[in-house]
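Examining the three-dimensional arrangement
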Amino acid sequence: MSVHRQLTIGLFGFGVVGEGLYKILQQTPSLKARIKKVCIKHPDKKRNAPDELFTTDKNILLNDPEINVIVEVINETDAAFAIVSTALKNGKEVVSSSKKMIAEHFTELLQLQKETGLAVLYEASACASIPVIRNLEEYFDNDLLHGIRAIVNGSTNFILTKMFQEELEFKDALILAQQLGFAESDPRLDVEGYDALNKWVILLNHAYGIIEKPEKVVFTGIQNINSADAQVAIQKNFEIKLIAQAKKLNSGKVAAFVLPQFVKQDDYFVFVKNEYNGVVIESGFADRQFFYGKGAGSFPTASAVLSDISALTYDYHYEYKKLYYHKPHQLSNDFFLRVYISFDDIKYIPKEKFEWFEEWHAHEKRKYIVGILPFTELQNTTWWKENGTSLILMPDSIVEDVETRKLKKKSLELAGVFM
Ligand SMILES: NC(=O)c1ccc[n+]([C@@H]2O[C@H](COP(=O)([O-])OP(=O)(O)OC[C@H]3O[C@@H](n4cnc5c(N)ncnc54)[C@H](OP(=O)(O)O)[C@@H]3O)[C@@H](O)[C@H]2O)c1
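Residues numbered from 1 in each chain as written. Predicted model: local features only at pLDDT ≥ 70, side-chain atom pairs only at ≥ 80, totals over all residues. Heavy atoms only, no water.

Once that is clear, we can look at helix α7 (residues 154-165). If you check α7, its first and last C-alpha atoms are 16 Å apart, about what twelve residues at 1.5 Å a residue would give, namely 16 Å. The element α7 is largely enclosed, with a buried count of eleven among its twelve residues. Where the residues of α7 are buried, they touch β7 (145-151), α8 (170-179), α9 (188-191), α11 (227-235), β8 (238-248) and β10 (276-283). Here α7 starts with a cap whose side-chain oxygen sits 3.3 Å from the backbone nitrogen of Ser155, and that cap is Asn153. Downstream of α7 by one or two residues, Glu167 has phi in the positive range, about 50°. (Helix = DSSP H or I, 4+ residues; strand = E, 2+ residues; numbered from the N terminus. Expected span 1.5 Å × (residues − 1). Buried < 20%, exposed > 50% of the residue type's maximum accessible area, 1.4 Å probe, protein only. Contact = heavy atoms within 4.5 Å. Polar contact = N/O pair within 3.5 Å; in protein donor to acceptor, adjacent residues only side chain to side chain.)

Have a look at this one:
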C-alpha cells in the first residue's frame with residue numbers, strides 16, 4: 001500500500017459519534033479521506049447532510065470496491081460485529097467505536113485481522129478522546145507496566161461528583177446526568193458498571209496481552225452507593241470513584257477488576273470531576289503518568305475516530321505486542337482486598353468469609369465494616385452487590401499473601417476492639 005493513501009469511507013451510523021465525525025472531517029481538508037456513503041437504520045429521520053449520502057442497505061457500502069475503509073459507529077452490538085467481519089472479509093479496513101462489540105468479540109477480531117492482514121482500529125472505544133490504547137501499545141511495548149488505574153465511565157463519574165459537591169442523592173444525580181445527555185438511554189449500562197467493564201476488557205489486552213471475556217471479570221458499578229457512604233468518605237477525607245484497575249503482583253500475574261474505590265485527596269483522580277475520564281499508568285523507571293480528558297461526547301469521540309482514520313493513511317495497525325511478542329500475562333485471583341462494606345442488615349454479610357475486620361460500625365443508621373476479603377469471594381459470590389449492600393475498596397486495597405500474614409498477626413492483637 002502506498003504511503004498516505006487516499007481513503008474512501010463507508011460510514012455506519014450517523015448518531016452522536018457519526019455526525020460528529022462527518023462535521024470534523026469537513027474541517028480537516030488535509031486528511032485525504034472522504035465519506036462516500038452513510039448507512040443508517042431509520043430512513044425517515046431528518047439528517048444534517050445531503051439525502052443522497054444515506055442508505056439503509058449495508059451491502060451498498062460493504063460491496064463497493066472504491067470504499068477501502070469502513071467506519072462503524074452504530075449502537076447495536078450484533079449488527080456491528082456482522083458489519084465489521086464482512087468488511088474485513090471484503091478487504092476493507094475498519095475503524096470502530098463500539099466497545100461492547102469489541103470486548104465481546106476480541107478473539108474473533110484478532111483472528112480476522114490475522115487472516116486478512118487488515119487493520120481494525122478502535123481508539124474511541126476506551127476513554128474516547130484520551131489516546132490510551134495507542135499509548136499502551138506503542139510506548140509501553142515492554143513489560144515494565146506495573147499498574148494501570150482508570151476512570152473510564154463519564155456518567156458514573158458525573159453522578160459521584162454531584163453526590164459529593166452538591167450532596168445530591170444518587171437518584172437525583174442520575175436524573176441530572178440523563179437530562180444533560182451523559183447517561184445512556186438505558187442507564188444501567190453505565191451505572192451498574194457494564195460500560196466500564198467493556199472498556200477494561202479492551203485495555204487489559206493492550207496493557208498486558210490478557211484476553212478475557214467481560215463476564216469473567218469482577219465488576220460492579222455505583223448503583224448501591226448512597227449518601228451515607230458519601231458521608232463516611234467525607235469523614236475520612238476521601239472521595240468515591242468508579243475505578244478500573246490492573247496491577248502486576250509479586251507473582252508476575254495480574255490483578256484486575258472494576259469496582260468503586262475510596263481515593264485520598266492526593267490521588268490524581270480527585271482532579272477528575274464530572275463527565276471527564278482519567279488514566280494513571282505506573283511503570284518501572286518512568287514512575288507515574290496521568291492522562292486526562294473527555295471520555296464521551298460527539299466531538300471528543302469523533303476526534304479519536306478521526307485519529308484512527310488518519311493512522312490508516314500510513315498503514316498503522318495494532319501489533320498486539322504484549323500478546324504476540326511477549327509472553328502474555330495471566331490474571332490472578334490469589335490476593336486479598338481491603339474493603340468497606342455498608343449494609344442495612346448484618347444477615348446479608350457472611351462474616352466468616354473475612355480474613356479479619358479493621359472497623360466495625362454497628363450502631364450507625366447505615367451500618368458498615370472495613371475488612372479483608374479474599375478476591376475469590378468477589379469472584380464466586382454476589383452477596384456484596386445485592387440487597388442494597390455497597391462495597392467500596394479502601395485506598396491501596398490490594399493486599400498480597402506475605403503482607404496478609406504480617407497484617408493478620410497485627411490485627412489479631414487488636415481483634416477485641418472490633419469484634
Ligand atoms: N456517544 C459517545 O460519547 C460514545 C463514546 C465512545 C463510544 N461510543 C460508542 O459508539 C457507538 C455509537 O454511539 P452513538 O452515541 O453515536 O450512538 P447513537 O447516537 O445512538 O447513534 C447510533 C447510530 O447507529 C445507527 N444504527 C443503529 N443500528 C444500525 C444498523 N443495524 N445499521 C446501520 N445503522 C445503525 C443509528 O441509525 P438511525 O440514526 O437511523 O437511528 C444511529 O445513526 C456505540 O457503540 C457507543 O457505545 C459512543
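Having seen the model, we can carry on.
This brings us to the sheet that holds strand β1 (residues 7-12). Strand pairing in a sheet takes place through backbone hydrogen bonds and is either antiparallel or parallel in direction. Pairing in this open sheet of six strands is parallel, and the strands run β3-β2-β1-β4-β5-β6 from one edge to the other. Of all the strands in the sheet, just β3 (54-55) and β6 (120-121) have a single pairing partner and so form its edges. Note that β1 and strand β4 (residues 69-72) share four bridges and pair parallel. Directly across from Ile9, in β4, lies its bridge partner Val69. Its contacts with the sheet put helix α12 (residues 298-313) on β1, β2 (33-39), β4, β5 (93-96) and β6, and the angle it makes with β5 is roughly 160°. (Pairing = 2+ DSSP bridges. Axes fitted to C-alpha atoms, helices over the stretch in contact; angles between N-to-C directions.)

Close to the ligand lie 23 residues; His42, Lys45, Arg47, Ser97 and Gly297 are nearest. A distance of 3.2 Å is found between an oxygen atom of the ligand and a backbone nitrogen or oxygen belonging to Gly15. The protein chains hide 83% of the 900 Å² of surface that the ligand would expose on its own. (Near = heavy atom within 4 Å. Areas by Shrake-Rupley, 256 points an atom, 1.4 Å probe, with all protein chains shown as cover.)

Taken as a whole, this structure holds 23 salt bridges when the rule is applied. A salt bridge links Glu104 to Lys100; the nearest nitrogen and oxygen atoms lie 3.2 Å apart. Of this pair, Glu104 and Lys100 both sit in helix α4 (residues 99-104), four residues apart, which is roughly one turn of the helix. The salt bridge partner of Arg288 is Glu282, with a shortest N-O separation of 3.5 Å. Judged by its relative accessible area of 46%, Arg288 is partly exposed. With a relative accessible area of 31%, Glu282 lands in the partly exposed category. One continuous salt-bridge network, built from bridges that share partners, spans Arg34, Lys36, Asp64 and Glu66. (Salt bridge = Lys/Arg side-chain N within 4 Å of Asp/Glu carboxyl O.)

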